[in-house]
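Structural description and commentary
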Amino acid sequence: MKNNLFKILILLPLFFGCCKTETSDKKSDYKSSYLDYSKSDDQFTGGIKMIPITTSKGTFKVWTKRVGNNPKIKVLLLHGGPGGTHEEFDCFDGYFPNQSIEYIYYDQLDSYYSDKPNDSILWTTERFVDEVEQVRKALNLDKDNFYLLGQSWGGILAMEYALKYQDNLKGLIISNMMASAPEYGKYANEVLGPKLPPEVLKEIKTMEANNDYANPKYEELLTNYYYTQHILRMPVDKWPNSVNLLFKHLNPNIYVYMQGPSEFGMAGNATLKEWDVSKRLKTLKIPTLVIGAKYDTMDPKYMEWMSNQVKHGRYLYCKNGSHLSQYDDQKTYFNGLIKFLKDVDSGKF
């Protein structure tokens, strides 16, 4: 009897140890599946795909990089600019993986890692919308999983895509972009400009009137008095490297051609100067999150108005944020964004 009891006492830890190991393994398997690329055609490249894009000027390739696996939530990220880079979204790595949200970095044609035909014939919203649709098809995104997030110029592109292809979308996120270029210019000139020191504003406007945008003083004044207040509310020496790289890798040709040389709205011969889809927002029926910020270059009240124009809208207000509120009001931005994605996915939106 004593021998049997002794054997039982020895075997009990082994039994519970096996049970614990099995449970731990299951938990480990569940978590690792998010980053399991073993059954994917992009495992060799670590999630990177160079997607061929057909245009009127030939076929070119754009760069994409997928992070994670989630069959129900896949977020394609549209960077700003035009001519910006995916680097503005690097901070998403700090939030999305922990929520098992799949997301795709993407450099648009003529941006950073993608091909650069450098042909202005290709620099139209219609052509870029067609590019996004080709990317969608190549990545097998559909109405059951496809979320489109556009920031700044990416917001223009996201709105234009949704207005043409909303049946392909599960959800839309418009981050820090108004639905009207003229209204954006009006806000910049009538509200934000006058907040600058009078002598600074006068000097900036004088240089703009003289088309003296290449003057180092122009960039210096913008950086010290405008960018640190309305683009990213941090001292420049505290800006994250991703943002510095974004500006370093920006394609100025496409930026000036479409956005214009001024930071006070779209000016000169900018092709987007008269862009306006405000009256068409009411045709959007998909779940839509509009993200605005108190110190943004975009009017936060206008952004809230946009969220009420679409049929199923929600407004996320970043009270400490500016144009890059994914950095300077990070917790508000990501808490609200993740809640939107989860609410739509679960049918609670």
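Refer to the structure presented above.
Residues numbered from 1 in each chain as written. Predicted model: local features only at pLDDT ≥ 70, side-chain atom pairs only at ≥ 80, totals over all residues. Heavy atoms only, no water.

**With respect to the pairing of strand β7 (residues 287–293)**
Which entries qualify depends on this criterion: The rule is simple: take the accessible area with a 1.4 Å probe, protein chains only, and divide by the maximum for that residue type; under 20% is buried, over 50% is exposed, in between is partly exposed. Secondary structure elements are defined from DSSP: runs of H or I of at least 4 residues count as helices, runs of E of at least 2 residues count as strands, and each element is numbered from the N terminus. Paired strands are those between which DSSP finds at least two bridges.
β7 sits mainly inside the fold: seven of its seven residues count as buried. Burial along β7 is two-sided: the residues Pro287, Leu289, Ile291 and Ala293 and Thr288, Val290 and Gly292 are all buried. Of the strand pairs in this sheet, β7 and strand β8 (residues 312–318) are connected by seven bridges, and their pairing is parallel. By the bridge assignment, Gly292 is partnered in β8 with Tyr317.

**Digging into the nonpolar core**
To be explicit about the condition: We call a set of buried residues a nonpolar core when its members are Ala, Val, Leu, Ile, Met, Phe, Trp, Tyr or Cys and they connect through side-chain atoms within 4.5 Å of each other. The contact definition used throughout considers only heavy atoms, calling two residues in contact when any of these lie within 4.5 Å.
Among the nonpolar cores identified, the biggest contains 52 residues, and Leu76, Leu148, Met159 and Met306 are the most heavily contacted of them. If one sorts the elements of this core by residue count, helix α3 (residues 153–165) sits on top with nine residues. Leaving out residues up to four positions away in the same chain, Leu76 has contacts with Ile104, Tyr106, Val132, Val135, Leu139, Leu141, Phe146, Tyr147, Leu148 and Leu149. Formed by 49 residues, the second largest nonpolar core is a distinct cluster that contains Tyr147, Ile231, Phe334 and Phe340.

**Observations regarding the pairing of strand β1 (residues 48–55)**
Both β1 and strand β2 (residues 58–67) contribute to a ladder of eight bridges, which runs antiparallel. Note on β2: the bridge partner recorded for Ile53 is Phe60.

**Here we look at helix α7 (residues 241–249)**
The line we're drawing: For this quantity, the arc is that covered by the directions from the helix axis to the C-beta atoms.
Where α7 is concerned, the buried positions are Ser242, Val243, Leu246 and His249. Each buried residue of α7 sits inside an arc of 135° when the element is viewed along its axis, so together they form one side. Exposed residues lying more than 90 degrees from the buried face of α7 are Asn241 and Lys248. Lining the buried residues of α7 we find α10 (325–328).

**A closer look at the packing of aromatic side chains**
We count it as follows: When the centres of two rings from Phe, Tyr and Trp lie within 6.5 Å, Trp using its six-membered ring, the rings pair. Their planes under 30 degrees apart give stacked, over 60 give edge-to-face, and anything left gives tilted. Geometrically, a lysine NZ or arginine CZ counts as sitting over a ring once it is within 6 Å of the ring centre and also within 35 degrees of the ring normal.
The final tally for this structure, using the stated rule, is 22 aromatic pairs. Consider the rings of Phe128 and Trp153, whose centres lie 5.4 Å apart with planes at 75°: the pair is edge-to-face. Of this pair, Phe128 sits in helix α2 (residues 125–138) while Trp153 sits in helix α3, and the two are 25 residues apart along the sequence. Residue Phe128 is classed as buried on the basis of its relative accessible area, which comes to 1%. By the ring-pair criterion, three or more aromatic residues cluster together here, those being Phe89, Phe92, Tyr95, Phe96, Tyr103, Tyr105, Tyr333 and Phe334. Across from the ring centre of Tyr295, 3.6 Å away, lies the NZ or CZ of Arg233, which sits over that ring.

**Brief notes about the sheet that holds strand β4 (residues 102–107)**
The condition is simple: Simply put, an axis is a line fit to the C-alpha atoms, just over the touching stretch for a helix, and the angle between two N-to-C directions goes from 0 to 180 degrees.
One open sheet accounts for eight strands, arranged β1-β2-β4-β3-β5-β6-β7-β8; its pairing is mixed. A strand with exactly one partner marks an edge of an open sheet, and here the two such strands are β1 and β8. Taking each pair of neighbouring strands and ignoring which way they run, the sheet shows an average axis angle of 20°. α3 contacts β3 (74–78), β5 (146–151) and β6 (171–175) of the sheet and is inclined by roughly 140° relative to β5. Across the sheet, helix α11 (residues 330–346) touches β3, β5, β6, β7 and β8, and the angle it forms with β8 is around 160°.

**Quick word on the environment of Asn241**
Topologically, Asn241 is positioned in helix α7. The class of Asn241 is exposed, set by a relative accessible area of 53%. As for Asn241 and Glu88, which are separated by 153 residues in sequence, their C-alpha atoms are 9.7 Å apart.

**Side note on the packing of α2 against α3**
Here is the rule we go by: For classification purposes, angles smaller than 35 degrees are called roughly parallel, those larger than 145 roughly antiparallel, those between 65 and 115 roughly perpendicular, and all remaining angles oblique. Each residue is assigned to one class: nonpolar for Ala, Val, Leu, Ile, Met, Phe, Trp, Tyr, Cys and Pro, charged for Asp, Glu, Lys and Arg, and polar for all the others, Gly among them.
In contact at an axis separation of 9 Å, α2 and α3 are set at 75° when each is read in the N-to-C sense. Looking at the two axes, α2 sits roughly perpendicular to α3. Contacts from Thr125, Phe128, Val129, Val132, Glu133 and Arg136 of α2 reach α3 at Trp153, Ile156, Leu157, Glu160, Tyr161, Lys164 and Tyr165. Partitioning the contact of α2 with α3 into residue classes produces eight nonpolar, one polar and four charged.

**With respect to the environment of Leu245**
Position of Leu245 relative to the elements: it lies in helix α7. Considered as a pair, Leu245 and Gly84 are 161 residues apart in the sequence and their alpha carbons are 9.8 Å apart.

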